10 protein chains.
Amino acid sequence: MMNKELMTAKILEAKVAKGMTWEAIAESIGMSPVFTTSACLGMNSFTEDKAFALCETLGLDKPVAEALQVCPKKAWEGGVPQDPLIYRLYEIVGVYGDTMKELIHEKFGDGIMSAIDFTMDIEKEENPKGDRVVVTLNGKFLPYKAW
Amino acid sequence: MMNKELMTAKILEAKVAKGMTWEAIAESIGMSPVFTTSACLGMNSFTEDKAFALCETLGLDKPVAEALQVCPKKAWEGGVPQDPLIYRLYEIVGVYGDTMKELIHEKFGDGIMSAIDFTMDIEKEENPKGDRVVVTLNGKFLPYKAW
Amino acid sequence: MMNKELMTAKILEAKVAKGMTWEAIAESIGMSPVFTTSACLGMNSFTEDKAFALCETLGLDKPVAEALQVCPKKAWEGGVPQDPLIYRLYEIVGVYGDTMKELIHEKFGDGIMSAIDFTMDIEKEENPKGDRVVVTLNGKFLPYKAW
Amino acid sequence: MMNKELMTAKILEAKVAKGMTWEAIAESIGMSPVFTTSACLGMNSFTEDKAFALCETLGLDKPVAEALQVCPKKAWEGGVPQDPLIYRLYEIVGVYGDTMKELIHEKFGDGIMSAIDFTMDIEKEENPKGDRVVVTLNGKFLPYKAW
Amino acid sequence: MMNKELMTAKILEAKVAKGMTWEAIAESIGMSPVFTTSACLGMNSFTEDKAFALCETLGLDKPVAEALQVCPKKAWEGGVPQDPLIYRLYEIVGVYGDTMKELIHEKFGDGIMSAIDFTMDIEKEENPKGDRVVVTLNGKFLPYKAW
Amino acid sequence: MMNKELMTAKILEAKVAKGMTWEAIAESIGMSPVFTTSACLGMNSFTEDKAFALCETLGLDKPVAEALQVCPKKAWEGGVPQDPLIYRLYEIVGVYGDTMKELIHEKFGDGIMSAIDFTMDIEKEENPKGDRVVVTLNGKFLPYKAW
Amino acid sequence: MMNKELMTAKILEAKVAKGMTWEAIAESIGMSPVFTTSACLGMNSFTEDKAFALCETLGLDKPVAEALQVCPKKAWEGGVPQDPLIYRLYEIVGVYGDTMKELIHEKFGDGIMSAIDFTMDIEKEENPKGDRVVVTLNGKFLPYKAW
Amino acid sequence: MMNKELMTAKILEAKVAKGMTWEAIAESIGMSPVFTTSACLGMNSFTEDKAFALCETLGLDKPVAEALQVCPKKAWEGGVPQDPLIYRLYEIVGVYGDTMKELIHEKFGDGIMSAIDFTMDIEKEENPKGDRVVVTLNGKFLPYKAW
Amino acid sequence: MMNKELMTAKILEAKVAKGMTWEAIAESIGMSPVFTTSACLGMNSFTEDKAFALCETLGLDKPVAEALQVCPKKAWEGGVPQDPLIYRLYEIVGVYGDTMKELIHEKFGDGIMSAIDFTMDIEKEENPKGDRVVVTLNGKFLPYKAW
Amino acid sequence: MMNKELMTAKILEAKVAKGMTWEAIAESIGMSPVFTTSACLGMNSFTEDKAFALCETLGLDKPVAEALQVCPKKAWEGGVPQDPLIYRLYEIVGVYGDTMKELIHEKFGDGIMSAIDFTMDIEKEENPKGDRVVVTLNGKFLPYKAW
């Protein structure tokens, strides 16, 4: 069975060959750009119909569609990330983690924001002083169960 | 000079005594809840007027106002956080980091989202299936300088 | 405000003085032994009525009851635990983690077992060849949201 | 001699080709799904008869059966796991480790739950609010020997 | 309640004051030197009679005897030890670990040597070329349970 | 020149083909099972005659005999081992390290047990309650030199 | 698509074949030596015209020029560097980090020196007592945004 | 003898009381701001005359002057720094380390830039698009000795 | 009993008060400067006569002499040292470790240089181009025992 | 261009084929055994004439001579070494690091022993009680520059 690394390589190759953006690919299958990209990079799985739709868009065959449906074993470089773009996000979690904890507990009580029942959106905000990246995280609040 | 740990302890004590939320404190000084909380926890600094306004709101004296103006040495537990609320944010950076990199480069070119020229907002989205936490990150895009 | 460490120390002291088991304490407040113990050790929070009930059982005063209601910042020794009882649990996660992933995905699809909407039960199974510890984990299945 | 990695790859390939679940494979050889899966993933060893029974079920030949009987060198990613499903289990050990220690010592005295004389069972509990994963750990209590 | 650190400090102080060796202390209570020392250092627990016997030998009072009976949370410096005497033992595990695995599996099958149902003995072997330390580890073989 | 990994692979292959145990191989060359196994696994070196004797026993040729004589660069997984059999040994060093230090200093004075001028022996002790593994470490005591 | 490792290998090969220094290559494309070298080592990206200019200078073809334009995922050995030249830089950050923080805050207020809107220059200062390396870092000051 | 931590605390207190900048303090003793600050933070030592001059400037007594002359044991948080200002410097070493190695070797041959026979200067460059921090590192080139 | 930290503090205080160098102290008790310093810093132990001789030299009383005789638990900062003087030694071990292994095996066969039956000497070599530090390590060669 | 790993492999192969020791090779090119070995292992670079001389001695061709002249990127296993011969050196740095710091500062003032302007010599000292390894480190003292 095709593994996720090969699947990603084939998708990236086809994406370049077709000259498509992630946004265009996502739109063609009716999914969001963030989820579509993450599934193509092997960090999420597609349902059967979305997997085949993506392969049709990019002219890829069945083994890629099958690999897209496999539940991935998620893994990353671990510990502290190095790429500056990703590190800044890690730094935000470090600097604002306790602040987020205070404010989420203040608004919702004891519990967490789910990283599973969760969506993310990335937008460009045009600004004469320099465009801005706007990232919206939206996760279900899960209260701790007491029993 | 009063250090940041003592400053935070005094603010938390006064906050409980006054029975105020972070939102109410922030509103009273005309700043956002996220920035206000982070400055009170010692991860950001206030200008002189905001520092004194906060102390007036909470009935605290000058050394606290002075400590709030000191440029903090930001530090956190390091590596992989453990508290479940904060860990889920770390996990999101791990799982979606490469996706964010792909999409930000697609929209903006080579560069990063600033964690310094940056704001954050945390809202509650009511939802019959379970309320949701909505976190908005807004950072200036900084293109890599070539020279 | 009383912190969680002092709260735990006062509870342990009273527990020894009263000669009560965790099971008896839990029963007296109508909660499970696991959740009750974890809240007393500072890893979960009680609602107001349970916090005061526990303090009544153990003859403790209001600051303990208040500390029991605070949302805790969960933390542990980190990385690989050392105490043999706890290490064996870590080892089980290491040895059986991929097996659990295979079987949960087989039964439920892509998603996880929640550690938040979660209960645990610990029982003694008498056995002539040596008594056995039976630990039951019960967590809500959370399917990954696609969007 | 065939190593465990190749053995696992051949089993997974045959499992997909036969369209069998782990539960069905386990039933066909009269073993539990958890132990069967763990042996196929290279984390446990089979007796000769079970190894050959599994190969008959999946149409695999003798080298696989031999590899299944080899005492494995157990290893995993180490430290803090990353896959969200496995991390949640690690988090449970972190959050509830001391609680489990208190309650097991209360019921059994000084000792541990064995991770060797140990069984695990994973069940699906249907629930209108969302199905639940029920994991049962059953390990022999081993009292510390004093001498 | 007296904690293990204070208990150990009081025992060491009394041991020096009485001018007794660990061997003599162990003999006076009818236990082995290794187990006795480890309990006094807080890494094992005594039954009530041994705890009181030890306190009688050393002229210590009831809180020490109570602390000796508490199930300890075992912990050490972690990772790679530094003291040369202890490091050499760690090095032996590193250098001979796979050899021990081969030979124990050859003699006993798949399983481990228990570190719980376990005794240790340390002897001096006189030798004209230099005396030798003889350490004997004796642990129950625990076969992996298949189910 | 043949490296140690290939040497070990060739020895293991011949050992299976000949159906010999490590004990039988060791006896055939007049060495102990522990040292013989460790040299074959690449963690010790043989003298020329023992290297050729082993190759004669197993029907291996000269490059293997040469590789067996090379001084090895000893290395292992590092830090905290994971395989349960090896981890239990590591845990024993952690739990009993300070105890061993106390007792060796009590019997011998300041110094260490050598891990170089050192032998190890592994025996099976039959026992109706479960057979036991007996490991004997025998190392020269090395007093710290003062100058 | 050609990856950055292969791109770097091809550039280094051509650089040796042409006998050119980094300074000469940089000058030929009108960029600085530091930026040019870093882009060739895969740590920065070129605009299309610079990428093709560099390939023309070195006689390399289109895939190299394309690879030079890809936004790199920056990564290094991580943690504490080992090569003595690079370690000395790390040591300077360790020894002088707090000093730099004090002086930058004194001159500019709360904020940081950007590592993105940043240039570096390396010069040789001839000196009879031994030539000196002069490294100039020039980064935009980014004040922390308060909101 | 006064230790470096207390020495630094006393200097910082006096600096605030006198309302002096590091630049002014440095100028008053005829040393650079970077070296002066680093010595006051305990990362370098002063000669006797500079130590007494600094104490005169700040109205501090002899024990501080003595502590300023002690050769410091330099230490920092270790590994990867967290404060954003210091992290950016670490990131620059990571991103540009190999580039600096290439260019220094190209200009000087095999060797390093000393971090001991070394000076640093920090300047503010006014710029309408945002002021810039200019850091100049100046270290003696040390060629590797061959023998 | 006095611990090693307090012992070291008392010795350093007396050393400054007496205005003695380590060399002078060592000479007064007829031991080498390296061993004497290391024992005073708590990394080696003295015999009774040397311990009392040192206390006489420095005017210290019996508890210090007793503490000097205790077998120390040796420990240091661990991992990679940071102080530049100590780091350079670590770097030498890293850069030349394999070289030393090659040459010691070439001269002596398989074995190690003892760090226990070991002496060290530090001398100043005057040199018009800059004085040099000469460190001589002298350790007994210990051949690996085969059995 | 030939990389350092291949260069080392070719040199080791030729060294065995010629049956030469490192001492003999070093003597043939007029360099020390330590520096010669370290350059051959890829941790130092040769001048052109020494590189060609070594290749002539060993019958190797031009690419090896070129590789020997490349400035190496020095790297080792990192952190705490494992091979017992190398570990003992690491342990010596740990145990005696602060002692060396005290004595070097006492003799030379504030500064370090260079690891760059540095030589090492390894000798065998015959001794009836067991031969001894004598390692001499000789590094230029570098005083910290104040400015």
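If you're wondering where the values come from, they're calculated on a predicted model, not measured in any experiment. (Residues numbered from 1 in each chain as written. Chains lettered and ligands numbered in written order. Predicted model: local features only at pLDDT ≥ 70, side-chain atom pairs only at ≥ 80, totals over all residues. Heavy atoms only, no water.)

Here's the deal with helix α4 (residues 48-58) of chain I
All names here are of chain I.
No. 1: For α4, the set of buried residues is Ala51, Leu54, Cys55, Thr57 and Leu58. Seen end-on, α4 carries its buried residues on one side only, within an arc spanning 160°. Among the exposed residues of α4, those pointing more than 90 degrees away from its buried face are Glu48, Asp49 and Glu56.
No. 2: Those residues of α4 that are buried are in contact with α1 (4-18), α2 (22-29), α3 (33-40) and α5 (62-69).
No. 3: Residue Gly59 follows α4 closely and has a positive phi angle near 70°. (Buried < 20%, exposed > 50% of the residue type's maximum accessible area, 1.4 Å probe, protein only. Helix = DSSP H or I, 4+ residues; strand = E, 2+ residues; numbered from the N terminus. Arc of directions from axis to C-beta. Contact = heavy atoms within 4.5 Å.)

Details of the UniProt feature "domain: Cyanate lyase C-terminal" (unreviewed entry) in chain A
No. 1: Sequence positions flagged by UniProt for "domain: Cyanate lyase C-terminal" (unreviewed entry) are, in local numbering, residues 75-147 of chain A.
No. 2: With 34% helix and 37% strand, residues 75-147 of chain A has end C-alpha atoms that lie 33 Å from one another. (UniProt positions renumbered as here; feature names shortened; annotations may be inferred.)

Observations concerning the arrangement of the chains
No. 1: Taking C-alpha atoms only, the smallest gap left between chain D and chain G, which are not in contact, amounts to 17 Å.
No. 2: There is no contact between chain E and chain G; across them, the least C-alpha separation is 18 Å.

Things to note about the interface of chain H and chain J
No. 1: Each partner contributes to the interface: chain H provides 28 residues, whereas chain J provides 29 residues.
No. 2: Taken together, the two surfaces of chain H and chain J that pack against each other cover about 2,700 Å², and 65% of this comes from carbon and sulfur.
No. 3: When the buried surface of chain H facing chain J is broken down by residue, H:Ile116, H:Tyr144 and H:Trp147 rank first, second and third, together holding 32% of it.
No. 4: Our count for the contact surface shared by chain H and chain J stands at two salt bridges.
No. 5: For J:Asp98, the salt bridge goes to H:Lys73, with nearest N and O atoms at 2.6 Å. (Buried area = accessible area lost by both parts, 1.4 Å probe. Salt bridge = Lys/Arg side-chain N within 4 Å of Asp/Glu carboxyl O.)

Considerations on the packing of aromatic side chains
No. 1: Inspection of the entire model under this criterion finds 86 aromatic pairs over all chains.
No. 2: Sitting over the ring of H:Phe108, G:Lys124 keeps its end group 5.0 Å from the ring centre.
No. 3: Against the face of H:Tyr144 rests J:Lys74, its NZ or CZ located 3.3 Å from the ring centre. (Phe/Tyr/Trp six-rings, centres within 6.5 Å; stacked < 30°, edge-to-face > 60°. Lys NZ or Arg CZ within 6 Å of the ring centre and 35° of its normal.)

Thoughts on the environment of C:Glu66
No. 1: With respect to the element layout, C:Glu66 can be found in helix α5 (residues 62-69).
No. 2: Sequence-wise, C:Glu66 and C:Met7 are 59 residues apart; in three dimensions their C-alpha atoms are separated by 9.3 Å.

Some details on the domain arrangement of chain A
No. 1: What the domain assignment lists for chain A is domain 1 (4-69) and domain 2 (84-143).
No. 2: For domain 1 of chain A and domain 2 of chain A, the distance between their C-alpha centroids amounts to 26 Å. (Domains from an automatic or database assignment.)

Description of the pairing of strand β1 (residues 111-125) of chain G
All names here are of chain G.
No. 1: Sheet topology note: the β1/strand β2 (residues 132-143) ladder contains 11 bridges and is antiparallel. The residue of β2 that forms the bridge with Met113 is Phe141.
No. 2: From the end of β1 to the start of β2, which pair antiparallel, there are six residues, and Gly130 there has a positive phi angle of about 130°. (Pairing = 2+ DSSP bridges.)

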